[in-house]
Amino acid sequence: MELANSAPVSRILVGMASWTTFICLQWALQCVVCREVTLPSGPLFRVAGFPLTLPCVVSGYEGPRTQDFEWFLHREDAGGRQIGVVSTRDRGFPYAPYQPRVRSGEVRVERDAGDRVRLVVQRLRPEDQGRYECYTPSTDSRYQGNYSASVVVKVIPDTLQISHSRALIGQSLIEGSELQLTCSAAVQSKQHTHLSVTFGVRGAGPGGAGGAGQNLTEVVSFGRDLAVVAGRGGDYARRCGDGEIALEKRRGQGDGDRDLYLMKMAAVAPGDSGAYVCEAAQWILDPEGVWERIALRTMDLGTLTVQPLADTMTVATTPRGEVSLLAESPLSLTCEVGGLGAWSRTALQVQWMRRAGEGAGRVMEVARLSPDGVVTWGDDTSRGGGGAVEKVGEGRYSLRLFSAYPTDAGVYLCVVSVYAGNPSPGPATPPTVTRRSEGVSVRLQTKEVSVSTVAEIPPGPLLKRGSTVSVLCNVSVTTGGPFRVEVQWLMRREVPGGAEGAEPLEVEEGGATRPLAALTHDGLARFYGNGSEVSVERLAAGCYRLRVHAAQPEDQGLYGCLAQVWAQDPGGAWRSTGARAESDRVRVYLYSRATDLILIPLVVGVSSALFVGVFIVATVTCCFMNRLARQRSQK
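Residues numbered from 1 in each chain as written. Predicted model: local features only at pLDDT ≥ 70, side-chain atom pairs only at ≥ 80, totals over all residues. Heavy atoms only, no water.

J.: Tell me what's going on with a nonpolar patch on the surface, and back it up with residues and numbers.
T.: On the surface, Phe611, Val612, Phe615, Ile616 and Val620 cluster together to form a nonpolar patch covering roughly 540 Å² of accessible area. Judged by its relative accessible area of 45%, Val612 falls in the partly exposed class. (Patch = residues over 30% accessible without salt bridge, like charges linked within 9 Å, V, L, I, M, F, W, Y side chains within 5 Å. Areas by Shrake-Rupley, 256 points an atom, 1.4 Å probe, with all protein chains shown as cover. Salt bridge = Lys/Arg side-chain N within 4 Å of Asp/Glu carboxyl O. Buried < 20%, exposed > 50% of the residue type's maximum accessible area, 1.4 Å probe, protein only.)

J.: I'd like to hear about the pairing of strand β18 (residues 274–285), residue by residue, with values.
T.: Burial runs high along β18: 11 of the 12 residues are buried. Of the strand pairs in this sheet, strand β13 (residues 193–202) and β18 are connected by 10 bridges, and their pairing is antiparallel. Bridge pairing links His194 to Trp283 in β18. The antiparallel hairpin formed by β18 and strand β19 (residues 291–307) contains five residues in its connecting segment, where Gly289 sits at a positive phi of about 85°. (Helix = DSSP H or I, 4+ residues; strand = E, 2+ residues; numbered from the N terminus. Pairing = 2+ DSSP bridges.)

J.: Kindly report on the sheet that holds strand β1 (residues 36–38), identifying the contributing residues and their values.
T.: Read across the sheet, four strands follow the order β1-β3-β7-β6 without closing on themselves; strand pairing throughout is antiparallel. The open sheet has two edge strands with one neighbour each: β1 and β6 (107–113). Along the sheet, successive strands turn relative to each other by an average axial angle of 20°, direction set aside. (Axes fitted to C-alpha atoms, helices over the stretch in contact; angles between N-to-C directions.)

J.: If you had to explain the packing of aromatic side chains to someone new, which residues and values would you point to?
T.: This structure, assessed with the given rule, holds three aromatic pairs. Ring plane angle 55° and centroid distance 5.6 Å describe the contact between Phe222 and Tyr261, whose orientation is recorded as tilted. Within this pair, whereas Phe222 is found in strand β14 (residues 216–222), its partner Tyr261 is found in strand β17 (residues 259–265), the two being separated by 39 residues in sequence. When sorted by exposure, Phe222 lands in the same class as Tyr261, which is buried. (Phe/Tyr/Trp six-rings, centres within 6.5 Å; stacked < 30°, edge-to-face > 60°.)

J.: I'd like to hear about the state of the cysteines, residue by residue, with values.
T.: In the structure shown here, the tally under the stated rule is four disulfides. Each sulfur in the disulfide pair Cys56 and Cys134 lies 2.1 Å from the other. On the sign convention where negative is left-handed, the bridge of Cys56 and Cys134, at about -90° about the S-S bond, is left-handed. Residue Cys56 is found in strand β3 (residues 52–59), and its partner Cys134 is found in strand β8 (residues 130–135); the two are separated by 78 residues along the sequence. Two residues, Cys335 and Cys414, share a disulfide whose sulfurs are 1.9 Å apart. Judged by the sign of its S-S torsion, about -80°, the cystine formed by Cys335 and Cys414 is left-handed. With Cys335 in strand β22 (residues 331–338) and Cys414 in strand β28 (residues 410–419), this residue pair connects regions lying 79 residues apart in the sequence. Considered together, Cys335 and Cys414 belong to a single accessibility category, that of buried residues. Sequence-ordered numbering of the bonded cysteines in the protein chain gives a disulfide pattern of 1-2, 3-4, 5-6, 7-8. (Disulfide = S-S within 2.5 Å.)

J.: Residues and numbers for the pairing of strand β24 (residues 363–369), please.
T.: Within β24, five of the seven residues are buried, leaving the element largely enclosed by the surrounding structure. Two elements, β24 and strand β25 (residues 375–377), share three bridges in a ladder whose sense is antiparallel. Residue pairing in the sheet places Arg368 in a bridge with Thr376 of β25. The loop that links β24 with its antiparallel partner β25 comprises five residues; one of these, Gly373, has a positive phi angle of about 85°.

J.: Outline the side chain of Thr453, supporting the account with residue identities and numerical values.
T.: Its location among the elements puts Thr453 in strand β31 (residues 450–456). Residue classification places Thr453 among the buried positions, given a relative accessible area of 9%. Those residues in contact with Thr453, other than ones at most four positions away along the chain, are Cys473, Asn474, Val475, Cys561, Ala563, Ala581, Glu582, Ser583 and Asp584. (Contact = heavy atoms within 4.5 Å.)

This is the structure we're talking about:
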């Protein structure tokens, strides 16, 4: 009997379980499409006098995509009494306290999407404290889900303070100068808040005057996380990394004193022109873990104008005009650099150049003072111990030659290169600007030195092809003190019809005159490449000899020598006095050899006999052939 009744009971239990599962599934599906309104978690602390923004989002709704929203305030001081603030569908919705603020736009609803809006209170008041409710009127077929959400807003007093002790008042700086700006800021709050300070500029760029309506470009900031952050615009990140821009925080002395923030620009650039401001912001960490800026104050620090170095820099050399000295006297020149302003991280390079003569001759580097203070000498490498380049004052650099010689005469220039904002430029770093001074002409009066030169061919047999040609150079020098002579032999191919000694033997590139050899003042022989073998030697005091071995016809021409006098300076070095003399020219002509005289008639005779024989044979053969032809025609 019990077994018979158990089967119906089991079927009833299974049916009830299926019905319960169906109801749960239906409830779960309905909850998926339930209306839900969300607001940020609270409580939210905001500062009086600054904006309040509350985002409200509705989801899971039916009906049109554009939903309406109504905002209520439940004040704590009124026992939670509800006050209508603003509505998206009813202009008459606001209660009396909010009607003028809604009409003026101080309190408004900004729509981000059909189902997303923000309540904005432009200037928060203490009486705005309370619980804010966001309500969405139903557009659903069924009333299910939640149609409103609320968040508590606490209004705290405004304690953010900002001031400055150093400002710009229409200040103008030269490119590369140092700039310092200060800003003091503090905040006193019972809540745990952080403070950030930002230095920025409006209207950045050459000649920019800035303006309140222009966007702010951040230069450098002391962030809410107590870290220094470089601005993203321009090249501020690089300059902060290089240490050119720095921000320093100095603690106040007492509890009520404000912290001092000091921004330093080691070298300003034309692009740094503009209106500078200091911004102080108060931040708080909301319950959802997001940092929110709750207060902001901006203070104008003034307008800065940066003048390019190219417009202000000047370079001059003193003394000006012309300097006349006796040989071996000291020479002193000064390079004066102006228009640089006050700078600390700007490198400077000074070069002394010399141009030979008054015209547009080749410019040679005399000496260089590099940005790291190292002095190098240019073309005249022996000057390392005979001169000095140094800084003698602010913007003043001197060149001193302890003993000036005729080779030091010329027009001296000072060339200055400035690397604004770069304390240690590399060899390939281009300078910001380069300027050169006007030239100063340096003339040197040489000591009384006279020199004369005579070239001659020693007597002997006639010169023939293959002979050794000797050309003597006799030099006579009159001077005081030790001296040496440097002799150079020159040769020019003789031009038919030209007059001997009419023109000097000057060496010109691509010309007819070419150097053969030289005997330097220190006794070294120098050869310039000749078709024949050449040698030089000193035979006696004032007598020098050039020999051309196995002379060939191409060695014929006009020969001469050029003598230069060298004197010894007090330091023991030998230097040219500038005294020189050129000899007269001697002609070298090679006569024919005896074998040449026999060979020529022999060649002429053989050629003549051969020509006559060929002529006779040709004539006889021609006559015989003509006679034979006539005999055949008669037959």
